[in-house]
Amino acid sequence: MAILLVALTGFFCGEWHESRASNAQRQAADSAAKLELATATGRVREVERQLSQNILNIDEARTKEQDHANATIDSLRTDVRNGALRLSIATRAHDPGPVGADPAAGDPEARAELLPSAAIALIDLAADADSTVRALNACLDQYDAVRRAVNP
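Reference entry: report on the structure contained in this document. Predicted model, so just to flag it, every value in this text is computed and none were measured. (Residues numbered from 1 in each chain as written. Predicted model: local features only at pLDDT ≥ 70, side-chain atom pairs only at ≥ 80, totals over all residues. Heavy atoms only, no water.)

### Section: the overall build of the chain
Step number 1: Regarding its fold elements, the chain presents 2 helices and 2 strands.
Step number 2: Looking at the chain as a whole, 11% of its 152 residues are labelled buried.
Step number 3: Taken as a whole, the chain presents about 12200 Å² of accessible surface, with 60% of it coming from carbon and sulfur. (Helix = DSSP H or I, 4+ residues; strand = E, 2+ residues; numbered from the N terminus. Buried < 20%, exposed > 50% of the residue type's maximum accessible area, 1.4 Å probe, protein only. Areas by Shrake-Rupley, 256 points an atom, 1.4 Å probe, with all protein chains shown as cover.)

Here it is in structure tokens:
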């Protein structure tokens, strides 16, 4: 019976010792994994911070460009309303000329002045188009910044 008791005690002591060694290894592996996770999380947060700053810079640049463009467009509108600026378009002058005249000789160019309301409507159309182009360019710049951050 004593031999059986010694054998069982030896077996359980061995299991207990092996369990402690296994727990120590598991805790060491857990600590290493937690450290690696913390390091990776820190790197990702830094990339995220830089990306946020880049996007903010892009937005600020677009806002600055848009404000400058709005000032220019407002100045153009004011000049057209006050008569300081007149817009015209090229037209063809239709001169019937003599019978049998060569049509390949070309029509002389003439200019037609736009009414101020039509000129302002064209300025507004061009301003909207320019604003849309600026917004799309900013969107592309933001996409490129994200792409570079995600796939360095």
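### Section: the pattern of salt bridges
Step number 1: On inspection of all chains with the given rule, the structure shows 6 salt bridges.
Step number 2: Here R49 makes a salt bridge to E46, at a shortest N to O gap of 2.7 Å. Linking R49 with E46, this pair stays in helix α1 (residues 2-82), spanning 3 residues, or about one helical turn.
Step number 3: The partly exposed category is assigned to R49, whose relative accessible area is 47%.
Step number 4: Take E46: its relative accessible area is 33%, and that puts it in the partly exposed class. (Salt bridge = Lys/Arg side-chain N within 4 Å of Asp/Glu carboxyl O.)

### Considerations on the nonpolar core
Step number 1: Counting 7 residues, the largest nonpolar core consists of I73, V80, L114, A119, I120, I123 and A127.
Step number 2: Those elements that place two or more of their residues in this core are α1 and α2 (116-150).
Step number 3: By residue number, the principal contributor to this core is α2, which donates 4 residues.
Step number 4: With near-sequence residues (within four places) excluded, A119 lies in contact with V80, L87 and L114. (Core = buried A, V, L, I, M, F, W, Y, C linked by side-chain atoms within 4.5 Å. Contact = heavy atoms within 4.5 Å.)

### What to know about the environment of A110
Step number 1: Here A110 shows up in strand β2 (residues 109-113).
Step number 2: The class for A110 is partly exposed, based on a relative accessible area of 23%.
Step number 3: Spatially, the C-alpha atom of A110 lies 9.9 Å from that of S88, the residues being 22 residues apart in sequence.
Step number 4: For A110, the contacting residues outside a window of four places in its chain are I89, A90, T91 and A93.

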